[in-house]
There are 2 protein chains.
Amino acid sequence: MKNSQLYKGSLNTIIMKLLEEKGRMYGYEITQKVKEITKGDLHITEGALYPALHKLEAEGLLEVEVERVDNRLRKYYKLTEKGTTETVNRLAELEDFIKNMQSIVNPKLSY
Amino acid sequence: MKNSQLYKGSLNTIIMKLLEEKGRMYGYEITQKVKEITKGDLHITEGALYPALHKLEAEGLLEVEVERVDNRLRKYYKLTEKGTTETVNRLAELEDFIKNMQSIVNPKLSY
DNA sequence: AAACATACATAAAATTCTTATACATTGGAT
DNA sequence: ATCCAATGTATAAGAATTTTATGTATGTTT
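Reference entry: report on the structure contained in this document.

Residue and element names in this part refer to chain A. If you walk across this open sheet you meet the three strands as S1-S3-S2, and the pairing is antiparallel. Among the strands making up the open sheet, the edge pair consists of strand S1 (25-26) and strand S2 (62-69). For S1 and strand S3 (residues 72-79), the ladder comprises two bridges, and the chain directions are antiparallel. Considered in S3, the bridge of Tyr26 is made with Tyr76. Across the sheet, helix H3 (residues 46-58) lies against S2 and S3, angled at about 125° from S2, the strand it touches most.

This paragraph deals with the relation of the copies chain B and chain A. Mapping chain B onto chain A calls for a rotation angle of 179° and an axial translation of 0.0 Å; the resulting RMSD is 0.1 Å. With respect to symmetry, the two chain copies, as superposed, fit the operation of a two-fold axis. Within chain B, the C-alpha atom positioned nearest to the axis of rotation is that of Lys8(B), 2.8 Å from it. A share of 100% of the interface residues of chain B reappears at the interface of chain A, consistent with the copies meeting face to face through the same patch.

Residue and element names in this part refer to chain B. Ordered in space as S1-S3-S2, the three strands form an open sheet in which the pairing is antiparallel. Two strands bound the open sheet, and with one partner strand each, they are strand S1 (25-26) and strand S2 (62-69). With eight bridges joining them, S2 and strand S3 (residues 72-79) adopt antiparallel strand pairing. Counted as the bridge partner of Val69 is Arg72 from S3. Together, S2 and S3 form the strand contacts of helix H3 (residues 46-58), whose direction differs from that of S2 by roughly 125°.

What counts, and at which threshold
- Residues numbered from 1 in each chain as written.
- Chains lettered and ligands numbered in written order.
- Predicted model: local features only at pLDDT ≥ 70, side-chain atom pairs only at ≥ 80, totals over all residues.
- Heavy atoms only, no water.
- Pairing = 2+ DSSP bridges.
- Helix = DSSP H or I, 4+ residues; strand = E, 2+ residues; numbered from the N terminus.
- Contact = heavy atoms within 4.5 Å.
- Axes fitted to C-alpha atoms, helices over the stretch in contact; angles between N-to-C directions.
- Least-squares fit on C-alpha atoms with pLDDT ≥ 70 in both.

Geometric descriptors of this kind do not, in isolation, establish any biological role.
Listed below in structure tokens is the structure:
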């Protein structure tokens, strides 16, 4: 990930949310989608992405389907049942996190 | 910090924002203030806090004033001029970060 | 022919945080 | 009187995540 330190720790949640929405995605597609959504602010690097995907798979949250498209390898990831359940929790945590960070940035609004 | 991984990378920004607002604070006070603001969600541990404060000081973003209160040592931290300037940048980054994360969580709103 | 985009991967190093421990004072409860 | 909780700072070992750099290979554009 590029730029701000703030994105540290949010990669797994981002991956899981995108997969929840799209059904299945491959690694490179995830990087492009995130770049698009954040208008270029967030560039997920391969060095961060692939180990993260492999770990989520090892934890049983994702499963992979390998396909060959245009003679190039693609690994499509999708949420397992366990992963889907866990995504609900992670998104709830994310919403709390965002609220908390907003309370810190803008304490005037907490009346 | 306790619970969610999401807070990783946000500690420095939290510290700087609180100092910008309060003028000066000591470590323990920061932990209590954050606990209060987040209604107990975020517990900043000493093992994370003190190294972070020392590093910000080493970078010239914070300066320290040692005082003895009730025979207990207190180290009050405040932003340097450099730190104040940098805080503006960090808060802008935080706002972008929050917006980006909201775009990811709630893509429907991005029409 | 070179450069760029697509597509995956790993390994060393840096960074940040968790967990555990340490020391010292004050105040309240047993 | 003694113990425990709260206040206050600190460090060190280890874990986890990310950065940076590198590698492989194909397809497309200039």
